[in-house]
Amino acid sequence: MQAVLEKLIHPEFQQSLAELEMLKGVEKKDGILEVKVDFLTFASPVKQQLVQALKEAAGEPVNIVDVTEQRSTQPALGGGALPTVKNVLAVGSGKGGVGKSTVAINIAAALALEGARVGLIDADIYGPSVPPLIGVEQFGVSMRDHRLQPVEKFGLKIMSQGFFMKPTDSIIWRGPKLHGRIELFCTQVEWGELDFMVVDLPPGTGDVALSLSQMVPLGGAVIVSTPQQVAVGVASKAIDAFGKLNVPLLGLVENMSYYSCPGCGQPDNVFGHGGAREVAKNYELPFLGEIPLNSTMMEASEKGMPVVVSHPDSAPARALRRVAQLAAGRLAVAAVAGYDAVYENTLT
Ligand SMILES: Nc1ncnc2c1ncn2[C@@H]1O[C@H](COP(=O)(O)OP(=O)(O)O)[C@@H](O)[C@H]1O
Ligand SMILES: [Mg+2]
């Protein structure tokens, strides 16, 4: 039976489960076939598909046991300023106000819900927006053994400049100090072992992305845009900038993509539609999904909760979970088969 199952082809890698060493044990237990599977990433976008294929190929009742071990895009753990993190995933945009922080928090929370150990760095030092979005208002963070303790919420470990300032404070710093702060967040925080670190980058294509890319091997970046032409234009700039920094792009997300009328359910394209999908196509990048403009999303943010936690079955939450899965899937492809394979097999 093991031989039959091992011949199955992974839909994202186009390799067999044997080649990918995904089956970790096939044996009869109390008359039922138990199949231990390593899905390569906690948030595999093709998990259901694989489970279904295994059940069909077995042709008898199967008990699938998930023994996933998250793969790492860090060339060697121990390198870079985040040595205990397996994958660093940056979320960027060319422009502010497109919902980048909201998308970053929801990707992080969605990955945690799938069972991964996840951290979140709010790298927007001038305008930290993570604390209100996660409902944390605190001044100062605790120290233990001379190390900063991240704030824990929704199963995430979080660090933000916002924890060090009052909401009305402003920061006027030059580049070197900014660099120092990013370094502090990477090296002086007690992160522990993490499967993913999600970094919410500041808008634009500036200093912070450069500092970060010099300090840690970035596994990949997700770019957020709204459908308006102007946002789409700056998304193209962000794509160009990440390219110059040699940061692999995992794909594009279109936020506030359409408005779903609560009365009639009809979608309304408030800001136009499909701009980001078009950019993704032009740059031959994966398109990760469309997040509707939605009052549930707004209310969740106002209450300080990621929508994937507060309203897991809402349309934006489902779209955001899919974004997180596709991004995680591509990081796993990159870790196992190399970055070329990420762009060859574009699953959406
Ligand atoms: N899809 C959406 N539907 C409704 N409101 C949204 C959506 N995405 C973001 N928002 C709201 O837009 C505002 C800006 O989002 P934020 O994530 O802080 O943007 P950025 O980090 O790009 O500046 C927030 O109040 C957030 O709640
Ligand atoms: Mg923000």
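Notes on the structure in this doc start here.

Rules and cut-offs
- Residues numbered from 1 in each chain as written.
- Chains lettered and ligands numbered in written order.
- Predicted model: local features only at pLDDT ≥ 70, side-chain atom pairs only at ≥ 80, totals over all residues.
- Helix = DSSP H or I, 4+ residues; strand = E, 2+ residues; numbered from the N terminus.
- Rg over C-alpha atoms; globule rule 2.2 N^0.38 Å.
- Buried ≥ 20, exposed ≤ 12 C-beta atoms within 10 Å, placed from the backbone.
- Contact = placed C-beta atoms within 7 Å.
- Core = buried A, V, L, I, M, F, W, Y, C linked by C-beta atoms within 7 Å.
- Pairing = 2+ DSSP bridges.
- Axes fitted to C-alpha atoms, helices over the stretch in contact; angles between N-to-C directions.
- Near = placed C-beta within 6 Å.
- Nonpolar A, V, L, I, M, F, W, Y, C, P; charged D, E, K, R; others polar.
- Parallel < 35°, antiparallel > 145°, perpendicular 65-115°, else oblique.

Attention shifts here to the overall build of the protein. When you go through the protein residue by residue, the secondary structure sums to 12 helices and 14 strands. At 20 Å, the protein has a C-alpha radius of gyration in line with the 20 Å of a compact globule built from 348 residues. A buried classification covers 48% of the 348 residues belonging to the protein. Sequence separation of 24 or more characterises 75% of the internal contacts of the protein that already satisfy a separation of 6 or more.

Moving on to the nonpolar core. Grouped together as the largest cluster of nonpolar side chains are 98 residues, with contacts concentrated most on Ile-107, Ala-108, Leu-111, Val-198, Leu-320 and Ala-327. When near neighbours in sequence (up to four residues on either side) are disregarded, Ile-107 contacts Val-91, Val-198, Leu-320, Val-323, Ala-324 and Ala-327.

Sheet strands line up and pair through hydrogen bonds in the backbone, either parallel or antiparallel. Strands sit in the order 1-2-3 across an open sheet of 3 strands; the sheet is mixed. Strands with a single pairing partner mark the edges of an open sheet, and in this sheet they are strand 1 (23-29) and strand 3 (62-66). Direction aside, neighbouring strands of the sheet carry axes that sit 20° apart on average. One ladder, built from 6 bridges, connects strand 1 with strand 2 (residues 32-37); its direction is antiparallel. Among the inter-strand pairings, Leu-23 is bridged to a residue of strand 2, identified as Val-37.

This brings us to the site of ligand 1. In the vicinity of ligand 1, 18 residues are found, and the nearest of them are Gly-99, Lys-100, Ser-101, Thr-102 and Ser-301. Secondary structure elements with two or more residues in the shell around ligand 1: helix 3 (100-113), strand 12 (249-260), strand 14 (287-293) and helix 9 (295-302). Here the shell around ligand 1 is composed, by residue class, of 7 nonpolar, 10 polar and 1 charged.

As a further point, take the pairing of strand 4 (residues 85-92). Successive side chains on a regular strand alternate, one facing one side of the sheet and the next facing the other. For strand 4, the buried fraction is high: 8 of the 8 residues fall into the buried class. With 6 bridges connecting them, strand 4 and strand 10 (residues 194-200) associate as parallel partners. Directly across from Val-85, in strand 10, lies its bridge partner Leu-194. Here strand 4 runs beside strand 11 (residues 220-225); their pairing, made up of 4 bridges, is parallel. Looking at strand 11, one finds that Leu-89 is bridged to Gly-220.

All right, on to the packing of helix 3 against helix 11 (residues 315-337) then. Where helix 3 contacts helix 11, the two axes come as close as 9 Å, and the packing angle between them is 75°. By the angle class used here, helix 3 and helix 11 are roughly perpendicular. Contacts between helix 3 and helix 11 pair Val-103, Asn-106, Ile-107, Ala-110 and Leu-111 from the former with Leu-320, Arg-321, Val-323, Ala-324, Ala-327 and Ala-328 from the latter. Classifying every residue of the contact of helix 3 with helix 11 by side-chain character gives 9 nonpolar, 1 polar and 1 charged.

Residue position: Asn-87 is located in strand 4. C-alpha separation for the pair Asn-87 and Met-197, spaced 110 residues apart in sequence, amounts to 6.2 Å. When near neighbours in sequence (up to four residues on either side) are disregarded, Asn-87 contacts Ser-72, Thr-73, Asp-195, Phe-196, Gly-219 and Leu-331.

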